[in-house]
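Coordinate inspection notes
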Amino acid sequence: MEALSAACLERRVHVVEFDVRFRGTIKCIDPTNKTLTLDKVEVIIGDAQMALPGLKMLDGQGISAITFLDENPAKACRRQGAEKADAGVSSGNVKPDRYCNRIPGKIVNYILIDKFQEKFGSAIQNLSESSVISLELNGINISRFGKLCWLQVSTKETVYLFDILTLGYEAFDFGLRRILENEAILKVVHDCRFLSDCLYHQYKTSLANVFDTQIADVIVRKEEAGGKWPDKLRLLPECLSHHLGLPAAAFQKYSVASATVWTMRPSHSALLHLAARHMPELLALRTVLLDKLMVPFTIHVGHSLDAYRAQPDHVLCQVKRDSLELPQYLLSHLPDENWAKNGK
């Protein structure tokens, strides 16, 4: 690493390694092993930063950008007589939003669970006594092929963040599987497909009694469109904005740019707030969607209430009490047979 010579020691830099952003002071440059060691290190998450204890050694082959904070890096390189950095450690500007985009301002209280002692047992007990919980997974490529890092569960009062990367498979043996497979506990999720696949194939957990807000949103939109299926599914921020009236601008940058951030330990509080942020709102979304799903039923009941009482005597006298045919007023509000077969 000729461009990073001894003259660069003790200088403050901004480094991107495997899409994770760090800020620190250069303490050691090892061109042989292609490593860069920083002191007084901060990991950067959006507009927030977290101080890391001790030294941080970075892999030169994973570094995509280095910015000197006290001087233009091009000048520093020219001063050392070097034209480019070695082994993937290249100077240049750090690309914005590569790690974690701006996190909306709302703060949600949560309980972090990364040990089996202390909070794990009480969390499982609380969840087992709940009738409705929200559920979300975070990690890399969540599925049977991916890595589960965080499992978030929320009651109406409490959000629990289970550090599966630390707790491991035993977290399911010691209680999570019992909660997730319990038919008496309704789990509210948004898009259960890969979530269910991951739990089943990696943790032998068959998720049961699920309310999928993504599917509920599809059915509601179909009803609102007179029976026509929507063209595409909605992401959770879109559903929260549409059904709960939350400002769409609040979700413009609600994301992490790289799933690898979920593997970082210790995790910054801003990232944990991001994981917990929409768990209570997921429960509220279910309530609103349930009301909207009930609209056709409520309409039909309203028609039934008026079906006979609004008729004159001579008409009501001709009604057959034992008839089981669908009433005409009900048929007029049902999709026709061709739509049912063709989905049109």
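Below is a summary of the structure that appears in this document. On a predicted model such as this, the values are computed, not experimentally measured, just so you know.

As for the sheet that holds strand β12 (residues 210-212)
- Strand order across the open sheet formed by 6 strands is β7-β10-β9-β8-β11-β12, with mixed pairing between neighbours. The sheet is open, and its two borders are formed by β7 (111-113) and β12, each paired with just one other strand. Strand after strand, the sheet turns through a mean of 25 degrees between neighbouring axes, direction not considered.
- Bridge count for strand β8 (residues 132-140) against strand β11 (residues 186-189) is 3 bridges, and the pairing is parallel.

Re the pairing of strand β2 (residues 20-30)
- In terms of residue burial, β2 counts as a mostly covered element, since 8 of its 11 residues are buried.
- Note that strand β1 (residues 12-17) and β2 share 6 bridges and pair antiparallel. Paired with V15 across the two strands is F22, which belongs to β2.

Structural notes on the packing of helix α7 (residues 236-244) against helix α9 (residues 279-293)
- Where α7 meets α9, the closest approach of the two axes is 10 Å, and the angle between their N-to-C directions is 55 degrees. Between α7 and α9, the interaxial angle falls into the category oblique. Considering the relative orientation of α7 and α9, their crossing is left-handed. Here L236, C239, L240, H243 and L244 of α7 lie close against α9, whose contacting residues are E281, L282, A284, L285, V288, L289 and K292.
- Here the residues of the contact of α7 with α9 are counted per class, giving 9 nonpolar, 1 polar and 2 charged.

Observations regarding the environment of A216
- Topologically, A216 is positioned in helix α6 (residues 213-224).
- For A216, a relative accessible area of 4% gives the class buried.
- Sequence-wise, A216 and L290 are 74 residues apart; in three dimensions their C-alpha atoms are separated by 7.9 Å.
- In contact with A216, not counting residues within four places along its chain, are F211, L289 and L293.

With respect to the packing of aromatic side chains
- If you walk through the whole model with that rule in mind, you get 6 aromatic pairs.
- Seen in terms of ring centroids, F120 and F162 are 5.8 Å apart; in terms of plane orientation they differ by 85 degrees. Their pairing is edge-to-face. Separated by 42 residues along the polypeptide, F120 in helix α2 (residues 119-128) and F162 in strand β10 (residues 159-163) bring together distant segments of the chain.
- Members of the aromatic cluster, connected to one another through ring pairs, are F116, F120, Y160, F162 and F174.
- Its guanidinium or amino end placed over the ring of W229, K222 lies 4.9 Å from that ring's centre, counting from NZ or CZ.
- Of note, R286 hangs over the ring of F211, and the distance from its end group to the ring centre comes to 6.0 Å.

Points about the nonpolar core
- Judged by nonpolar contacts, the single largest core of 28 residues is most densely connected at L135, L137, L151, F162, I164 and F172.
- At the level of secondary structure, the elements contributing two or more residues to this core comprise α2, β8, β9 (147-154), β10, α3 (164-167), α4 (170-180) and α5 (193-203).
- Ranked by residues supplied to this core, first place goes to α4 with 5 residues.
- Once you skip the residues sitting within four places of it in the chain, I164 turns out to touch L148, C149, W150, L151, A171, F172, L176 and Y203.
- One finds C8, V13, I26 and I63 within the second-largest nonpolar core, a separate group that totals 19 residues.

Here we look at the packing of α6 against α9
- It is the contact of α6 with α9, at a shortest axis distance of 10 Å, that shows an interaxial angle of 30 degrees. Our classification of the angle between α6 and α9 gives roughly parallel. The handedness of the crossing between α6 and α9 is left-handed. On α9, the residues that touch T213, A216, D217, I219, V220 and E224 of α6 are L282, L285, R286, L289, K292 and L293.
- Across the contact of α6 with α9, the residue classes break down as 7 nonpolar, 1 polar and 4 charged.

Procedures and definitions
- Residues numbered from 1 in each chain as written.
- Predicted model: local features only at pLDDT ≥ 70, side-chain atom pairs only at ≥ 80, totals over all residues.
- Heavy atoms only, no water.
- Pairing = 2+ DSSP bridges.
- Helix = DSSP H or I, 4+ residues; strand = E, 2+ residues; numbered from the N terminus.
- Axes fitted to C-alpha atoms, helices over the stretch in contact; angles between N-to-C directions.
- Buried < 20%, exposed > 50% of the residue type's maximum accessible area, 1.4 Å probe, protein only.
- Parallel < 35°, antiparallel > 145°, perpendicular 65-115°, else oblique.
- Left-handed = near helix turned anticlockwise from the far one by under 90°.
- Contact = heavy atoms within 4.5 Å.
- Nonpolar A, V, L, I, M, F, W, Y, C, P; charged D, E, K, R; others polar.
- Phe/Tyr/Trp six-rings, centres within 6.5 Å; stacked < 30°, edge-to-face > 60°.
- Lys NZ or Arg CZ within 6 Å of the ring centre and 35° of its normal.
- Core = buried A, V, L, I, M, F, W, Y, C linked by side-chain atoms within 4.5 Å.

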